[in-house]
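# Structural overview
What follows is each chain in one-letter form.
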Amino acid sequence: MRTRVAIIGAGPAGLLLSHLLDQEGIESVILENRSEEYVLGRIRAGVLESSSVELLGEVGLGDRIEAEGQPHRGIYLQWPQERHHLDFVDLVGRSVWIYGQTELTKDLMAARKSAGQQAFYEAAAVTLHDIETEHPYVTFIDAGGTPQRIDADVIAGCDGFHGPSRQAIPAAVQRIWERVYPYAWLGVLADVPPSTDELIYAWHPDGFALHSMRSETVSRLYLQVTPDDDIANWSDDRIWDALAARLGHGQDGWKLTPGPITDKSVLPMRSYVQTPMRHGNLFLAGDAAHIVPPTGAKGLNLAIADVSLLSTALVSLFRSRDSALADSYSDDALRRVWRCTHFSWWMTTMLHQGGDDFDAQLQLSQLRWVTSSEAGATGLAENYAGLPIGF
Ligand code: APR
Ligand code: PHB
């Protein structure tokens, strides 16, 4: 088989890249080692920056976001006895949208299917070859057990942290930065209407808590736990008690309404950046090149920004044989990657228990500052709502 772009991974990065390229008449083939149902069933984050929503709207993926997503003006930041709303629209003229990554993946898959996208799910032993040549190719075993080969002009590694693409870049060329945090998130999905109109990020001596949502009837909530904590230690009652304490149930009459928990999982927390994001004719995008802790809601939006830059670069490369954008892709994408890596680290270290009492006082001082100083609030708003793609 031959194509222009062999895309490894059918997460948001891979699916959106194939969609953006198709808008420009550029053919691609997607290889995914999981089944379609598995990819669709994954529960992930749910905040879209305004620049992500704009981009998705421009390429025909805005309707369901518009119809079923929730535009939010900002977030609440709180610590015991204090809750403050940061209005991003007032501060920087941009909002964010609540729309589950699972829903976006559904939209992307449906759009690719109706466009006749060639995709191999349950592709095993995906292996990259000759990425440093003008004729890279990928081999794999298809779902029927038949060995296959795809020749391409370029390979796009959108296969997340655990995929083969990241490791295909020679160690001598790679540079890696990593910070592993001494805490994790216990995330729950609950069939209960959210007890808040917008997200609540809570600092608490017992540990961080976040109240998010998926719809008017489904809530998504998180608790700071230790990385090795066993989920079996967390009964539903214990989870709701901890959420009530940390989110300030009863404070100023506010009530947290518990309900049936339908899913719970523990998410590790780390920051990871690997450069370069391009080596020969292999281009990395999304989690294949960088991981951010979820506190800044940047993972999905970074993947969207990467493939927006990458598709523009590949269109210019293929259509006008101009390699300037492809040659600067790694540096261009990394500007946003480090901005979001810094912001996610900053939100994470400001809101989680992990230091001594002096650290706690510093955190509280920072929270008081970003919630009382327009300059402080604007800095947070600009990063959270998202900078323009390609800034
Ligand atoms: N062969 C083929 N596909 C693979 C392989 C492999 N060997 N290994 C992994 N994959 C697939 C995964 O099954 C997954 O569907 O690559 C895809 C990578 O998708 P994501 O992990 O969702 O990464 P990305 O598309 O970059 O999206 C990043 O997803 O994980 C969230 O928080 C993250 O929000 C961020 C977003
Ligand atoms: C979510 O809705 O899952 C969510 C929201 C904000 C975050 C992380 C996760 O910072």
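Residues numbered from 1 in each chain as written. Chains lettered and ligands numbered in written order. Predicted model: local features only at pLDDT ≥ 70, side-chain atom pairs only at ≥ 80, totals over all residues. Heavy atoms only, no water.

The next thing to look at is the sheet that holds strand 3 (residues 47–49). Read from one edge of the open sheet, 3 strands run 3-7-4, paired in antiparallel fashion. Each edge of the open sheet is held by one strand with a lone partner, namely strand 3 and strand 4 (70–72). Within the sheet, the average angular offset between the axes of one strand and its neighbour, ignoring direction, is 30°. Across 3 bridges, the pairing between strand 3 and strand 7 (residues 96–98) is antiparallel. For Glu49, the partnering residue across the bridge sits in strand 7 and is Val96. (Pairing = 2+ DSSP bridges. Helix = DSSP H or I, 4+ residues; strand = E, 2+ residues; numbered from the N terminus. Axes fitted to C-alpha atoms, helices over the stretch in contact; angles between N-to-C directions.)

Scanning the model with the defined rule gives 12 aromatic pairs in all. Relative to Tyr272, the ring of Phe161 has its centre 4.8 Å away and its plane inclined at 90°; by these criteria the two rings are edge-to-face. Within this pair, whereas Phe161 is found in the loop between strand 12 (154–157) and helix 7 (164–168), its partner Tyr272 is found in strand 17 (residues 261–275), the two being separated by 111 residues in sequence. Of the aromatic side chains, those joined through ring pairs into one cluster are Phe88, Trp185, Tyr201, Phe208, Tyr222, Phe343, Trp346 and Tyr384. The ring of Tyr76 carries Arg83 above its face, with NZ or CZ at 6.0 Å from the centroid. (Phe/Tyr/Trp six-rings, centres within 6.5 Å; stacked < 30°, edge-to-face > 60°. Lys NZ or Arg CZ within 6 Å of the ring centre and 35° of its normal.)

Before going further, it helps to spend a moment on the site of ligand 1. The environment of ligand 1 is formed by 24 residues, the closest being Glu32, Arg42, Arg44, Asp287 and Leu300. Contact distances for ligand 1 include 3.3 Å between an oxygen atom and a backbone N or O atom of Pro12. At 3.0 Å from an oxygen atom of ligand 1 is found a main-chain nitrogen or oxygen belonging to Ala13. Summarising the interface, the protein chains cover 86% of the accessible area of ligand 1, which totals 700 Å² for the free molecule. Listed by contribution, the elements that provide at least two residues to the shell around ligand 1 are helix 1 (12–23) and helix 9 (299–320). Here the shell around ligand 1 takes 3 residues from helix 9, the largest share from any one element. When its residues are assigned to classes, the shell around ligand 1 shows 10 nonpolar, 8 polar and 6 charged. (Near = heavy atom within 4 Å. Polar contact = N/O pair within 3.5 Å; in protein donor to acceptor, adjacent residues only side chain to side chain. Areas by Shrake-Rupley, 256 points an atom, 1.4 Å probe, with all protein chains shown as cover. Nonpolar A, V, L, I, M, F, W, Y, C, P; charged D, E, K, R; others polar.)

Attention now goes to the sheet that holds strand 9 (residues 124–129). Spatially, 9-10-11 is the arrangement adopted by the 3 strands of the open sheet, whose pairing is antiparallel. Each of the sheet's edge strands pairs with one partner strand only, and the pair in question is strand 9 and strand 11 (147–151). Mean inter-strand twist for the sheet, computed between neighbouring axes without regard to direction, equals 15°. For strand 10 (residues 137–141) and strand 11, the ladder comprises 5 bridges, and the chain directions are antiparallel. Its bridge partner lying in strand 11, Phe140 is registered against Gln148.

Now for unusual backbone geometry. As a rule of thumb, non-glycine residues mostly have phi less than zero, and peptide bonds are mostly trans rather than cis. Note that the residue after Thr275, namely Pro276, is joined by a cis bond; omega there is -5°. Here Pro276 shows up in the loop between strand 17 and strand 18 (278–279). In this model, Ala125 sits at a positive phi of 50°, which is unusual for a non-glycine residue. Its place among the elements puts Ala125 in strand 9. A relative accessible area of 52% means that Ala125 is categorised as exposed. Positive phi outside glycine occurs at Asp130, with the angle close to 50°. Its location among the elements puts Asp130 in the loop between strand 9 and strand 10. (Buried < 20%, exposed > 50% of the residue type's maximum accessible area, 1.4 Å probe, protein only.)

Let's shift gears to helix 1. Spanning 12 residues, helix 1 covers 16 Å between terminal C-alpha atoms, matching the ideal 16 Å at 1.5 Å per step. Counted residue by residue, helix 1 has 10 buried out of 12 residues, so it is predominantly covered. Turning to helix 1, its buried residues are Pro12, Ala13, Gly14, Leu15, Leu16, Leu17, Ser18, His19, Leu20 and Leu21. As for helix 1, its buried residues are in contact with strand 1 (5–8), strand 2 (28–31), helix 3 (50–58), helix 6 (101–114), strand 12 and helix 9. (Expected span 1.5 Å × (residues − 1). Contact = heavy atoms within 4.5 Å.)

Within the structure shown, the criterion is met by 0 disulfides. A disulfide-free cysteine, Cys340 has its sulfur positioned 17 Å from the sulfur of Cys158, the nearest such atom. (Disulfide = S-S within 2.5 Å.)

A few words on the packing of helix 10 (residues 324–351) against helix 12 (residues 374–385). Between helix 10 and helix 12, the shortest axis-to-axis distance is 10 Å and the interhelical angle comes to 120°. When the axes of helix 10 and helix 12 are compared, the pair comes out oblique. Crossing geometry of helix 10 relative to helix 12 is assigned as left-handed. Across the interface between the two elements, Arg339, Phe343, Trp346, Met347 and Met350 from helix 10 touch Leu380, Asn383 and Tyr384 from helix 12. Residues of the contact of helix 10 with helix 12, tallied by class, amount to 6 nonpolar, 1 polar and 1 charged. (Parallel < 35°, antiparallel > 145°, perpendicular 65-115°, else oblique. Left-handed = near helix turned anticlockwise from the far one by under 90°.)

Around ligand 2, 14 residues are found, and the nearest of them are Tyr201, Ser212, Arg214, Tyr222 and Pro294. Contact between ligand 2 and Arg214: an oxygen atom at 2.7 Å from a side-chain N or O atom of the residue. The protein chains hide 99% of the 280 Å² of surface that ligand 2 would expose on its own. Those elements that provide at least two residues to the shell around ligand 2 are strand 15 (209–213) and strand 16 (219–225). Considering only residue class, the shell around ligand 2 consists of 9 nonpolar, 3 polar and 2 charged.

Interpretation note: all reported values are geometric properties and have no functional meaning in isolation.
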